[in-house]
Amino acid sequence: MKNEYDVLIIGGGPGGALAAKTCAEKGLSVCIIEKRPAIGVPVRCAEGIGEDLIGEFFDELNPKWISEKIKGAKLISPDGSSFYLSPEMAGNEVGYVLDRKFFDRDLIWLAVESGAECYVKARAVDAIMEDGVVKGAVIEYFGEKKEIRAKVVIAADGVESKFSRYCGVDTTVPLRELETCAQYLMTDIDIEPGITVFYVGREVSPEGYIWIFPKGDRTANVGIGISGTQSKDSSRAKDYLDKYVKKNFPDGKIIELIVGGVSVCKPLECTVADNLIIVGDAARLSDPITGGGIYNAMYTGRLAGEVASECIRSNDCSKEKLMKYDTTWRSSRMGKALERNYQIKEIFVKLSDAQLNSVLNSVNNLVMKEFSTLTLIKEIIKTNPRLVKELSGLR
Ligand code: FAD
């Protein structure tokens, strides 16, 4: 580990890996530090990603990254009605359940193959600040503190991100917009292969949802997210999940438990500062409706790498120059989807179970030529005129 690099990346998830690979391919010296002893574990994710989204990064997918190909999705309303999205309709919901143990590790391999250095069990414990400007990070590496300086630091330290705060950026997530999640990897359960299932409703999962993401023969990620404000003694995410599992998969075997948080708030007001770029979950870029953030982290990681490289080449890594990163992702398809889905989420979390039943049943028999979250919402609006007023600001 050197004392100085062109780019220092905090966090070895998908955001950090793509940023590192991009910078290294452009010939910059790059260091990634990851606080955990191994990349990709423990997996804190349901591992779903849309086919077209992952296709933006790879012409071919390594088969070992994929646990299951997804061909459709089912939404279960509070009254038990089931809303099936066929392959033709499911659009973004068609894709893969990844095996992130392999996927995340291989993303880092690709970065390292391109010339980046990666250090595990290396935790950023503070920022090096001079005249209010980021100059690098203080690292704890096998019990020793070390300073690493860089022209640009990329904060890719996920939902628990502290680095941006060390740099003076407010990254607070309101408790009601922090989904607390619990997930079992279960086996020996009756599931429909290739179909993801979502349960909504206050009774099963207040201000969140339960998911079943298949991962091969009679095996699936079975998880739940509930709003932080709904999490109380004996009604935590795991309690709701246990109730669901007891009822639906009484003979299933639990082989893994993970817990984690997902932010469903607006993105940070600004995702750059002098010499600093913030990507992925650290920038609060997971989708406010689905909680999905793998693609968003990869997209912003790659973009951060491109902008950082340009700025380093032109010898100007000021906030003003790095703003190209912020404005580009905000005006991208991803940025617009985040803005729209935040507004939709704000309305949907307020619906009672009875209202949810009526909204979902109204679209149950609709045949849509093309499915996307936006198409579904448009159909819901058509059949529920009272929602039109509230949703009228949506594009
Ligand atoms: P992360 O993948 O979180 O990587 C950040 C890394 O930074 C971590 O490895 C962490 O150890 C490291 N780090 C943190 N602090 C430091 C430090 N101080 N020093 C060094 N390293 C540090 N998204 C989807 O797209 N599909 C899903 O199905 C899905 N399901 C989910 C289910 C659950 C239960 C949860 C919790 C999340 C889910 N997500 C899902 C979200 C997805 O996991 C994240 O959006 C994605 O991993 C974000 O990538 P990232 O690179 O920004 O952050």
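Throughout what follows, the structure given in this document is the object of discussion.

Cut-off values and rules
Residues numbered from 1 in each chain as written. Predicted model: local features only at pLDDT ≥ 70, side-chain atom pairs only at ≥ 80, totals over all residues. Helix = DSSP H or I, 4+ residues; strand = E, 2+ residues; numbered from the N terminus. Contact = placed C-beta atoms within 7 Å. Axes fitted to C-alpha atoms, helices over the stretch in contact; angles between N-to-C directions. Parallel < 35°, antiparallel > 145°, perpendicular 65-115°, else oblique. Left-handed = near helix turned anticlockwise from the far one by under 90°. Buried ≥ 20, exposed ≤ 12 C-beta atoms within 10 Å, placed from the backbone. Pairing = 2+ DSSP bridges. Near = placed C-beta within 6 Å. Nonpolar A, V, L, I, M, F, W, Y, C, P; charged D, E, K, R; others polar. Domains from an automatic or database assignment. Core = buried A, V, L, I, M, F, W, Y, C linked by C-beta atoms within 7 Å.

Right, let's get into the overall build of the protein. When you go through the protein residue by residue, the secondary structure sums to 12 helices and 18 strands. Put simply, of all contacts in the protein between residues at least 6 apart along the chain, 70% involve residues at least 24 apart.

As a packed pair, helix 7 (residues 294-313) and helix 8 (residues 319-331) sit with axes 9 Å apart at the nearest point and diverge in direction by 155°. Comparing the axis directions of helix 7 and helix 8 gives the class roughly antiparallel. In the packing of helix 7 onto helix 8, the handedness of the crossing is right-handed. Residues Thr 300, Leu 303, Ala 304, Val 307 and Cys 311 of helix 7 touch helix 8, and the partners they reach there are Lys 321, Leu 322, Lys 324, Tyr 325, Thr 328 and Trp 329.

What follows covers the pairing of strand 2 (residues 30-34). Counting buried positions along strand 2 gives five out of five residues, so the element sits mostly inside the fold. Of the two faces of strand 2, both are covered, the one formed by Val 30, Ile 32 and Glu 34 as well as the one formed by Cys 31 and Ile 33. Where strand 1 (residues 4-10) and strand 2 come together, four bridges link them in parallel fashion. Bridge assignment links Ile 10 to a residue of strand 2, and that residue is Ile 33. In this structure, strand 2 lies alongside strand 8 (residues 117-120), joined through four bridges in parallel fashion. Looking across to strand 8, one finds that Cys 31 is bridged to Glu 117.

With mixed pairing, seven strands are arranged side by side in an open sheet as 6-5-13-14-15-12-16. Every interior strand has two partners, whereas the edge strands, strand 6 (82-85) and strand 16 (253-263), have only one. Sheet twist, expressed as the mean angle between neighbouring strand axes with direction ignored, is 15°. As judged from the four bridges shared by strand 5 (residues 72-76) and strand 6, these two strands associate in the antiparallel manner. Residue pairing across strands places Ala 73 opposite Leu 85, the latter belonging to strand 6. Against the sheet, helix 6 (residues 237-248) touches strand 12 (178-187), strand 14 (209-214) and strand 15 (219-227), its axis set at about 135° to strand 15.

This brings us to the environment of Ser 286. Locating Ser 286 in the fold gives a position in the loop between strand 18 (276-278) and helix 7. For Ser 286, a count of 26 C-beta atoms within 10 Å gives the class buried. As for Ser 286 and Cys 265, which are separated by 21 residues in sequence, their C-alpha atoms are 8.4 Å apart. Beyond its immediate chain neighbours, meaning those up to four positions away, Ser 286 contacts Val 262, Ser 263, Asp 281, Gly 291, Gly 292, Gly 293 and Asn 296.

Relative to the elements of secondary structure, Leu 285 occurs in the loop between strand 18 and helix 7. Exposure remark for Leu 285: the 25 C-beta atoms within 10 Å place this residue in the buried category. Along the sequence, Leu 285 and Ala 297 sit 12 residues apart, while their C-alpha atoms lie 7.4 Å from each other. Apart from the residues within four sequence positions on either side, Leu 285 is in contact with Pro 267, Gly 280, Gly 293, Asn 296, Thr 300 and Leu 338.

With that out of the way, let us pick up the site of the ligand. Surveying the vicinity of the ligand reveals 40 residues, the closest of which are Gly 11, Gly 13, Gly 158, Gly 280 and Gly 293. Mapped onto the shell around the ligand, the elements with two or more residues apiece are helix 1 (14-25), strand 2, strand 3 (48-50), strand 9 (122-130), strand 12, strand 16 and helix 7. A total of three residues in the shell around the ligand trace back to one element, the largest contributor, which is helix 1. The residue inventory of the shell around the ligand, partitioned by class, reads 15 nonpolar, 15 polar and 10 charged. When residues of the shell around the ligand are assigned to domains, at least three fall in each of domain 1 (4-44 + 102-172 + 267-331) and domain 2 (66-97 + 174-263).

It is worth spelling out the environment of Ala 20 at this point. Tracing the sequence through the fold places Ala 20 in helix 1. For Ala 20, a count of 33 C-beta atoms within 10 Å gives the class buried. Each C-alpha atom of the pair Ala 20 and Ser 352 lies 45 Å from the other, and the pair is 332 residues apart in sequence. Not counting residues up to four positions away in its chain, the partners in contact with Ala 20 are Ile 9, Val 30, Ile 32, Ala 111 and Ala 116.

On to the nonpolar core, then. Val 7, Ile 9, Val 30, Ile 154 and Ile 277 are the most contacted members of the largest nonpolar core, which totals 105 residues. In terms of residue count, the dominant contributor to this core is helix 7 (11 residues). For this core, the domains that each give at least three residues are domain 1 (4-44 + 102-172 + 267-331) and domain 2 (66-97 + 174-263). Dropping the residues within four chain positions of it, Ile 154 is found in contact with Val 7, Ile 9, Ala 19, Ile 277, Val 279, Ala 304 and Ala 308.

What follows concerns the pairing of strand 5. Here strand 5 shows a buried face lined by Ala 73 and Leu 75 and an unburied face lined by Gly 72, Lys 74 and Ile 76. Where strand 5 lies against strand 13 (residues 195-200), five bridges are found, and the strand directions are parallel. Looking at strand 13, one finds that Ala 73 is bridged to Thr 196. If you look at the hairpin formed by strand 5 and strand 6, you'll find five residues sitting between the two strands, and Gly 80 has a positive phi there, around 95°.

With that settled, consider unusual backbone geometry. For the bond from Val 41 to Pro 42, the omega torsion is -10°, close enough to zero to count as cis. Even without a glycine there, the phi angle at Glu 207 is positive, about 55°. As for its position among the elements, Glu 207 is in the loop between strand 13 and strand 14. Overall, the presence of 20 C-beta atoms within 10 Å leaves Glu 207 in the buried class. Its identity as a non-glycine residue notwithstanding, Asn 275 has a phi of 65°, on the positive side. With respect to the helices and strands, Asn 275 occurs in the loop between strand 17 (272-273) and strand 18. You can call Asn 275 buried: it has 24 C-beta atoms within 10 Å.

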